[in-house]
Amino acid sequence: MSIIDYSTNKNNNQNSNQDSSNKFTTSIMEKFGFHKVSNHPTSPSQPKIVHNISNQPHRQSSQHGQHSSPHHNFRKTLICANAPGNDVVTANLVAVNSKDFEGVPNKSPIILDGVFVYSIAKDDRMELGTIGLAGNMRPWGKWSLGQHIQVENYNIFQNGQQQQYLGAMDLSIDFRMKSRGNQNPINHEDLVNRFFSLYENQILQPTQTVVMEFNGTYFTVKVDQVQIIDVNTKDNLPSFKDSQDIETKGILIKSTDLQFYPAAESIINITNKQSLKSKIFGGNNSSHRHPRKKQIINPDFKLEDLGIGGLDSEFQDIFRRAFNSRILPVEIAQKLDYKHCKGLLLYGPPGTGKTLIARKLSKMLNGKEPKIVNGPEMLSKYVGASEENIRNLFKDAEAEYKLKGEDSDLHVIIFDELDSVFKQRGSGKSDGTGVGDNVVNQLLSKMDGVDQLNNILVIGMTNRLDLIDTALLRPGRFEIQIEIALPDEKGRKDIFLIHTKKLSENNLLTSDVNFEELAVLTKNFTGAEIEGLCNSAKSYAISRHTKKGSLAQIDSESISNMKITRNDFLLALNDIRPAFGTDEEDIGGLAKHGIIQFNSHISKIFEKGQSIIDVVRSSESETLRSILLYGPPGVGKSAIATTLALNSDFPFIKMLSAESLVGMNETRKIQEIDNIFRDVHKSPLNILVIDKIETIINYNPIGPRFSNDILQVLQVYLTKKPPKNRRLLIIATTSQYGVFRNMNLLDAFNDVIAVPPIRKIEEIAKVLDKLGFMTPNDRSEICNQLKDFDINIGVKSLIDVLMVGKYSKDSINEVVNNIVEKLNG
């Protein structure tokens, strides 16, 4: 319904039209007798709503329902018969024999089969024990002639139920006999007056049909939607509730705002239609009206009901940008010239909840069931079939829009894996057959073509925004693009609470399970990975209750006492690893002996690196910084780079090395580099370590030769700013400083830092001491024998020699000889 009480509903948001809304609410309240809202609703001076339906409790009737007084309860079974005449049919009454209802006033309300409410017409044309139902009534309750119907008295105010009146109604109308239909103008106000004259004080409910006679012609009127006014609220102010539910019932009173509009495919011509709301907001009488639409968002909807954690802000964006224009009253939306959003695109890493959002939308939307399709399902091997599949998705929306125009319901179409079908046209990313281009063109025309549809919302989901045709991303198509990123610490805790809700309710968690701790330990986990972690923890708990010597038999005696402990979750962390972010085992392995600061220059490198990390972490402008560590092989560049990364506490650390690209051709390497740079933008703080960058570009000193395509890709990405609210630090290493200078690759880095080798005996001594190599005397002897040599060795090379000597139990002389070989090498 489009009549909304903005002032009394505390959950409604403020909006720019508050004054008009308050004016409308005040008028509605005055219209129903609330000229002055009082905290004392029982005050004699306060106007009351008048109707002729008793609100007194009923006394129990006799066993057979005979000799009932006006206040008797009764329950009886009657046989379904036809209505005795058109006078009863057009009055919307059910006919009964007066002897069956002695003592019951004429036109008293009754309820049939516990659902359908009518008023009775005592008519001696009816046989005893029968009830006369018109032809329009019997299909409503699925009754047939001769069928038994349970009949009871009905009191809309019974059981302490709050008083309910019809504040407004949407009624669809058509000729009873379509063959006699015509387009002669019918005055809307005359229809309203006729409806009141026939049915005032009756109890009506949605889906009910009424046969109404008007100017000698019979019409079928269907109650599509009602607005119920509750005058007994806690704050003593009337509240308004829209409903299309058959269980909703209300009393038609003189003040009810009635709105007639043509039924589907009807040629009826209703003129001069103007609702109370349009009179208050202003506007001319028009032959075209907008019926009150049901609320798109279920008014009882809460985010926590979706069972999706860590996405509150994303849902707020979706509501604000995709549904705001559709929940406004039509008149206000027209004055604002507010255009409906037709496309919403959700993108982000796999497992973050994009598809889950789509599945849960049906709970959020109070309308037609969304159509959910997987992108690849649209493709067919037959010519033209793929395009037809796209057209079929929009067929229902088109048919309703042609019939009802702006009055039609919202049709939601959800595309999963959008990038698999709607790739960039005319490029190598398409399928090469032309079918992909045609499918893109078909979707473009349906979303924002010549024949525009305003009753659609297409929601797409993708992991690869870059693959989608750019024409789909402009305003009018997928104009709203919302990133569903990795959950933050609070979001991860919320997801844990969702997936362990039943465990908590059933007291299956021990007191030592700390979800704040688990949220910290699961950096870069997606929602799907956290769900997998919870399942893995359950499996550890179950395994403790299997019978000894058996893997498949549960100990039924102990399983009843099973609980999931903190240790189960910690063990599960070894099973479930995040697909994105730090792989500390691989990265930490490059500095397995730690950093040995054998001279002051190493300390300065770490001080410089830490200052750059702090800049990236806190600066508003420096969201991208890059460091190049260069020096001869074996000086510890990789160890320094990975140690800086791990010590930064950045949540997302990724490594790009030649090892991860082994066996790939040039095209595949470029694609993998592209993927890695996209991955490092999935968290607010990101570090990318590029180890031995010269091997990545396939540099070979013989020639020299290298891959110019890979070099160009790196040059672009090294200087490409991360997305909004993302920060990236790149730490690269190389042994080919001169080559990089000739390639102009040095210009892509903000800071270029040299990593020196060991050049002094004192520095070798520090390494020996740090490693605890041999005895102090042995270490002194090694240094004494090396003092006559020109020292120039990388710390990594020296550590390799010492570790080999340690495990092979080499003598001092053998160790010295091995070091000298490295010096000469």
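Residues numbered from 1 in each chain as written. Predicted model: local features only at pLDDT ≥ 70, side-chain atom pairs only at ≥ 80, totals over all residues. Heavy atoms only, no water.

(A) Representation of the overall build of the chain in the model. A count of helices and strands for the chain gives 27 helices and 27 strands. Here the chain holds 825 residues, and the buried ones make up 50% of them. With the model as given, the accessible surface of the chain reaches about 40200 Å², and the carbon-plus-sulfur share is 47%. (Helix = DSSP H or I, 4+ residues; strand = E, 2+ residues; numbered from the N terminus. Buried < 20%, exposed > 50% of the residue type's maximum accessible area, 1.4 Å probe, protein only. Areas by Shrake-Rupley, 256 points an atom, 1.4 Å probe, with all protein chains shown as cover.)

(B) Summary view of the sheet that holds strand S20 (residues 411-416). Taken in spatial order, the five strands line up as S19-S20-S21-S18-S22 in an open sheet, and their pairing is parallel. The open sheet terminates on both sides in strands that have one partner only, identified here as strand S19 (371-374) and strand S22 (480-483). Pairs of neighbouring strands in the sheet enclose a mean axial angle of 15 degrees, with direction left out of account. As judged from the four bridges shared by strand S18 (residues 343-347) and S22, these two strands associate in the parallel manner. Paired with Leu344 across the bridge in S22 is Ile480. Contacting S18, strand S21 (456-462) and S22, helix H6 (residues 312-327) runs over the sheet at an angle of about 165 degrees to S22. (Pairing = 2+ DSSP bridges. Axes fitted to C-alpha atoms, helices over the stretch in contact; angles between N-to-C directions. Contact = heavy atoms within 4.5 Å.)

(C) View of the nonpolar core. Residues Leu629, Ile758, Val767, Ile782, Leu786, Leu802 and Ile819 are the most contacted members of the largest nonpolar core, which totals 49 residues. Setting aside chain neighbours within four positions, we find Leu629 in contact with Ile605, Lys637, Ile640, Ala641, Ile731, Ala732, Thr733, Thr734, Ile753 and Val755. Counting 33 residues, the second largest nonpolar core, distinct from the first, contains Leu486, Phe652, Ile673 and Phe677. (Core = buried A, V, L, I, M, F, W, Y, C linked by side-chain atoms within 4.5 Å.)

(D) The packing of aromatic side chains, seen in detail. In the structure shown here, the tally under the stated rule is 14 aromatic pairs. Chaining the aromatic ring pairs together yields one cluster made of Phe116, Tyr118, Trp140 and Trp143. Residue placement shows Lys76 over the ring face of Phe74; its charged tip is 5.7 Å from the ring centre. Of note, Lys76 hangs over the ring of Phe101, and the distance from its end group to the ring centre comes to 4.6 Å. (Phe/Tyr/Trp six-rings, centres within 6.5 Å; stacked < 30°, edge-to-face > 60°. Lys NZ or Arg CZ within 6 Å of the ring centre and 35° of its normal.)

(E) Layout of unusual backbone geometry. With a phi angle near 55 degrees, Asp113 is a residue other than glycine that sits in the positive phi range. Looking at the secondary structure, you find Asp113 in the loop between strand S5 (109-112) and strand S6 (116-122).

(F) Inspection of the pattern of salt bridges at higher detail. According to the stated counting rule, one finds 22 salt bridges in the structure shown. In this structure, Arg625 engages Glu622 in a salt bridge whose closest nitrogen and oxygen atoms are separated by 3.3 Å. Relative accessible area serves as the criterion here: at 18%, Arg625 is assigned to the buried category. Under the relative-accessibility criterion, Glu622 is labelled partly exposed at 28%. The salt bridge involving Glu672 is made with Arg668; its shortest N-O contact spans 3.4 Å. (Salt bridge = Lys/Arg side-chain N within 4 Å of Asp/Glu carboxyl O.)

(G) Layout of the environment of Asn269. As for its position among the elements, Asn269 is in strand S17 (residues 269-271). Residue classification places Asn269 among the partly exposed residues on the basis of a relative accessible area of 26%. Residues Asn269 and His188, spaced 81 residues apart in sequence, show a C-alpha to C-alpha distance of 9.5 Å. Once residues within four sequence positions are removed from consideration, Asn269 is found in contact with Gln183, Asn184, Pro185 and Ile186.

(H) Summary view of the packing of helix H11 (residues 489-499) against helix H14 (residues 527-543). Running from N to C, H11 and H14 cross one another at 45 degrees; their axes reach a closest spacing of 10 Å. By the criterion of interaxial angle, the relationship of H11 to H14 is oblique. In the packing of H11 onto H14, the handedness of the crossing is right-handed. On H14, the residues that touch Arg492, Ile495, Phe496 and His499 of H11 are Gly527, Ile530, Glu531, Leu533, Cys534 and Lys538. Each residue belonging to the contact of H11 with H14 can be placed in one class, and the counts come to five nonpolar, two polar and three charged. (Parallel < 35°, antiparallel > 145°, perpendicular 65-115°, else oblique. Left-handed = near helix turned anticlockwise from the far one by under 90°. Nonpolar A, V, L, I, M, F, W, Y, C, P; charged D, E, K, R; others polar.)

(I) Fine view of the packing of H14 against helix H16 (residues 566-575). For the pair H14 and H16, interaxial distance at closest approach is 8 Å and the crossing angle is 120 degrees. As far as their axial angle goes, H16 and H14 are oblique. Between H14 and H16 lies a crossing of right-handed hand. Contacts between H14 and H16 pair Leu533, Cys534, Ser536, Ala537, Tyr540 and Ala541 from the former with Asp568, Phe569, Leu571, Ala572, Leu573 and Asp575 from the latter. Class assignment of the residues belonging to the contact of H14 with H16 gives a composition of nine nonpolar, one polar and two charged.

(J) The arrangement of the sheet that holds strand S4 (residues 93-96) in detail. Here six strands make up a closed barrel; going around it, the order is S3-S7-S4-S6-S5-S8 and the pairing mixed. Recorded for the sheet is a direction-independent mean angle of 45 degrees between the axes of neighbouring strands. In this sheet, strand S8 (residues 148-153) lies alongside strand S3 (residues 75-82) in antiparallel orientation, the contact comprising five bridges. Looking at S8, one finds that Lys76 is bridged to Val151.

(K) Expanded view of helix H18 (residues 600-618). Look at H18: 27 Å from first C-alpha to last across 19 residues, which is about the 27 Å you get at 1.5 Å a residue. Listed as buried for H18 are Ile602, Ile605, Phe606, Gly609, Ile612, Ile613 and Val616. Buried residues of H18, viewed axially, fall in a sector of 125 degrees; they line one side. Among the exposed residues of H18, those oriented more than 90 degrees off its buried face are Ser600, Lys604, Glu607 and Ser618. The secondary structure elements touched by the buried residues of H18 are strand S23 (624-630), helix H19 (637-647), strand S25 (685-690), strand S26 (727-734) and strand S27 (751-754). Capping the start of H18, Asn599 holds a side-chain oxygen 3.1 Å from the backbone nitrogen of His601, two or three residues further along. (Expected span 1.5 Å × (residues − 1). Arc of directions from axis to C-beta. Polar contact = N/O pair within 3.5 Å; in protein donor to acceptor, adjacent residues only side chain to side chain.)

(L) Structural context of the environment of Thr667. Within the secondary structure layout, Thr667 lies in helix H20 (residues 666-679). When the C-alpha positions of Thr667 and Ile710 are compared, they lie 8.7 Å apart, and in sequence the two are 43 residues distant.

(M) Summary view of H19. Counting buried positions along H19 gives nine out of 11 residues, so the element sits mostly inside the fold. Buried residues of H19: Lys637, Ser638, Ala639, Ile640, Ala641, Thr642, Thr643, Leu644 and Ala645, and no others. Following H19 by one or two positions, Asp649 adopts a phi angle in the positive range, close to 65 degrees.

(N) Highlighting the confidence of the model for the chain. For the chain, per-residue confidence averages 80 on the pLDDT scale, and 81% of positions sit at 70 or higher. Here residues 1-29 is a poorly scored stretch, pLDDT under 50, and it has 64 contacts once near neighbours within four places are set aside; other chains count. This model gives residues 56-71 a pLDDT under 50, and the stretch forms 32 contacts once residues within four places in sequence are excluded. (pLDDT = per-residue confidence, 0-100.)

(O) Local environment of the pairing of strand S24 (residues 652-656). Counting buried residues along S24, four of its five residues qualify, which places the element largely inside the surrounding structure. Pairing between S24 and S25: five bridges, direction parallel. Its bridge partner lying in S25, Met655 is registered against Val689. Of the crossover connections in this fold, the one passing from S24 over H20 to the parallel S25 is right-handed. (Right-handed = clockwise from strand over helix to strand, strands pointing away.)

(P) Spotlight on the side chain of Gln202. By secondary structure assignment, the location of Gln202 is in the loop between helix H4 (188-199) and strand S11 (203-204). A distance of 2.8 Å separates a polar side-chain atom of Gln202 from the backbone oxygen of Ala91.

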